[in-house]
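This is what each chain is made of:
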Amino acid sequence: AGGAGKTRKHVQAGSVPAGSIKIDGLADGWPGRPPERVTSDRLVVGKDGKGLEASFKIAWDADNLYLLINVTDPTPLNNTLQGDKLWNGDGVELFIGSEKLDQPGTLLFSDHQVLLAGRTDVKSGSTHIVNAAKQPEIRLINVPSVDGTGYTMEAAIPWSALDVKPVEG
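Residues numbered from 1 in each chain as written. Predicted model: local features only at pLDDT ≥ 70, side-chain atom pairs only at ≥ 80, totals over all residues. Heavy atoms only, no water.

### Digging into the overall build of the protein
- Scanning the protein from N- to C-terminus turns up one helix and nine strands.
- Against the compact-globule benchmark of 15 Å for 169 residues, the protein has a radius of gyration of 16 Å, which places it among compact chains.
- Along the first, second and third principal axes, the C-alpha set of the protein runs to 40 × 40 × 35 Å.
- The 169 residues of the protein split such that 36% are buried.
- For the protein, long-range pairs separated by at least 24 residues make up 56% of all intrachain contacts whose partners lie at least 6 apart in sequence.
- Entry remark: accessible area of the protein is about 10500 Å², with carbon and sulfur atoms responsible for 52%. (Helix = DSSP H or I, 4+ residues; strand = E, 2+ residues; numbered from the N terminus. Rg over C-alpha atoms; globule rule 2.2 N^0.38 Å. Buried < 20%, exposed > 50% of the residue type's maximum accessible area, 1.4 Å probe, protein only. Contact = heavy atoms within 4.5 Å. Areas by Shrake-Rupley, 256 points an atom, 1.4 Å probe, with all protein chains shown as cover.)

### Quick notes on the nonpolar core
- Counting 24 residues, the largest nonpolar core has I69, V114, L116, I157 and L162 as the members making the most contacts within it.
- Among the elements of the structure, strand 3 (53-60), strand 4 (64-72), strand 5 (91-96), strand 6 (112-117), strand 9 (150-158) and helix 1 (159-162) are those that each provide at least two residues to this core.
- When sequence neighbours within four positions are dropped, the list of residues in contact with I69 reads A54, S55, F56, V92, Y151, T152 and M153.
- Within the second largest apolar cluster, eight residues are counted, among which are I21, A59, L68 and A156. (Core = buried A, V, L, I, M, F, W, Y, C linked by side-chain atoms within 4.5 Å.)

### Examining the sheet that holds strand 7 (residues 127-129)
- Sheet architecture is open: three strands sit in the order 5-6-7, paired in antiparallel fashion. Of all strands in the sheet, those bounded by a partner on one side alone are strand 5 and strand 7. Pairwise comparison of adjacent strand axes, ignoring direction, gives a mean angle of 10° for this sheet.
- Here strand 6 pairs with strand 7 via three bridges, running antiparallel. If you follow V114 over to strand 7, its bridge partner there is I129. (Pairing = 2+ DSSP bridges. Axes fitted to C-alpha atoms, helices over the stretch in contact; angles between N-to-C directions.)

### Things to note about the environment of S20
- Along the chain, the position of S20 falls in the loop between strand 1 (13-15) and strand 2 (36-38).
- When its relative accessible area of 26% is taken as the criterion, S20 is described as partly exposed.
- Between the C-alpha atoms of S20 and R139, which are 119 residues apart in sequence, the distance is 15 Å.
- Sequence-distant contacts of S20, defined by excluding residues within four places in its chain, comprise D28 and G29.
- Separated by 2.8 Å, the side chain of S20 and the backbone oxygen of P17 make a polar contact. (Polar contact = N/O pair within 3.5 Å; in protein donor to acceptor, adjacent residues only side chain to side chain.)

Next up, the structure:
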């Protein structure tokens, strides 16, 4: 929802058969929906968003929420941070909630903030769910663009980590 709670953005998330999406940085098994764009005017932290852009797709099955993100970045895969500090480097930050969707403002207690690092050496600490009692295993891969102008991120986030039971619609 927008700042005044009067604007809503809907994103289509295609349902896929279990096991049809492999976390390999390729679009194989993904629904044929067009991606959504995030442009540089959405930059939250930093002086200049010039050259930054992303397009993403979302899919789901009974076990996971899947993300496929193509990032354009003049300095790609630059994040050496860990855990709850990941937001301060290259990566993706998701805010996920299922209650009071028309209410603007800060995160609710039931909302989740998911951090996914943009870096080539994906290892322990490359993903983080803020305020989670136990960090779940989030499968993540980042594949650099051949021309060096960005990367493709693909992730599988377990629904159990988000306290969500997915349903069609």
